[in-house]
Amino acid sequence: MPAILIIDDNEEIRTLWTEVLEEEGHEIIQAESGVVGVKIARARKLDVIVTDIMMPDKDGLETIMEIQSHNPTAKIIAVSGGGSMLKESFLPVAGALGAVITLQKPVDINEFCAAVSTVAAA
């Protein structure tokens, strides 16, 4: 069963994505911030890490850089719900930092699940 870490400061999004991915047979670990997500990523073997970009304390770009420095082969999906200017500037940066897929919020749940399955199978 693939282990997936979801890092997002929005509890409703974490809960929705957890429920949907658990129905598909994935083991889900949740983190409410980049700080907590990095700690979990260092302590556990994970198949996929999904991180929001716009978060307080440690944004998704910092989170990706820290995870990549500890685990350069980490499979990361970056998601951003910022304004259109932010999406255009931060998602390509997330990809350059190592995110294998970038998605804009609101994300179609089927597109999200397909992205997670693709990355988990790679």
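Residues numbered from 1 in each chain as written. Predicted model: local features only at pLDDT ≥ 70, side-chain atom pairs only at ≥ 80, totals over all residues. Heavy atoms only, no water.

### Observations concerning unusual backbone geometry
For the peptide bond that leads from K105 to P106, omega is -5 degrees, which places it in the cis range. Position of P106 relative to the elements: it lies in the loop between β5 (99–104) and α5 (109–121). (Helix = DSSP H or I, 4+ residues; strand = E, 2+ residues; numbered from the N terminus.)

### A look at the pattern of salt bridges
A full pass over the atoms with the stated rule returns four salt bridges. Between R44 and E27 there is a salt bridge whose closest N-O contact spans 2.9 Å. With R44 in the loop between α2 (34–43) and β3 (48–52) and E27 in strand β2 (residues 27–31), this pair connects stretches of sequence that are 17 residues apart. Judged by relative accessible area, E27 falls into the partly exposed class, the value being 30%. A salt bridge links K58 to E66, with the nearest nitrogen and oxygen atoms 2.3 Å apart. Sharing partners across several salt bridges, the network here consists of D8, D52 and K105. (Salt bridge = Lys/Arg side-chain N within 4 Å of Asp/Glu carboxyl O. Buried < 20%, exposed > 50% of the residue type's maximum accessible area, 1.4 Å probe, protein only.)

### What to know about the pairing of strand β1 (residues 3–7)
It is a general feature of regular strands that their side chains alternate between the two faces of the sheet. Counting buried positions over the five residues of β1 gives five, a clear majority of the element. The pairing of β1 with β2 spans five bridges and is classified as parallel. Pairing of A3 across the sheet is with E27, part of β2. Each parallel crossover has a hand, and the one from β1 via helix α1 (residues 11–23) to β2 is right-handed. Bridge count for β1 against β3 is four bridges, and the pairing is parallel. Residue pairing for β3: L5 is matched across the bridge by I49. (Pairing = 2+ DSSP bridges. Right-handed = clockwise from strand over helix to strand, strands pointing away.)

### Description of the nonpolar core
Counting 21 residues, the largest nonpolar core has L5, I49 and I67 as its most contacted members. Among the secondary structure elements, those contributing two or more residues to this core are β1, β2, α2, α3 (60–70), β4 (76–80) and α4 (84–97). (Core = buried A, V, L, I, M, F, W, Y, C linked by side-chain atoms within 4.5 Å.)

### Thoughts on the sheet that holds β2
Judged by pairing direction, the sheet is parallel, and its five strands sit side by side in the order β2-β1-β3-β4-β5 without closing on themselves. Both edges of this open sheet fall to β2 and β5, since each of them pairs with a single strand only. Neighbour to neighbour, the strand axes of the sheet diverge by 20 degrees on average, direction disregarded. Contacts from α3 reach β1, β3, β4 and β5 within the one sheet, and its direction differs from that of β3 by about 155 degrees. (Axes fitted to C-alpha atoms, helices over the stretch in contact; angles between N-to-C directions. Contact = heavy atoms within 4.5 Å.)

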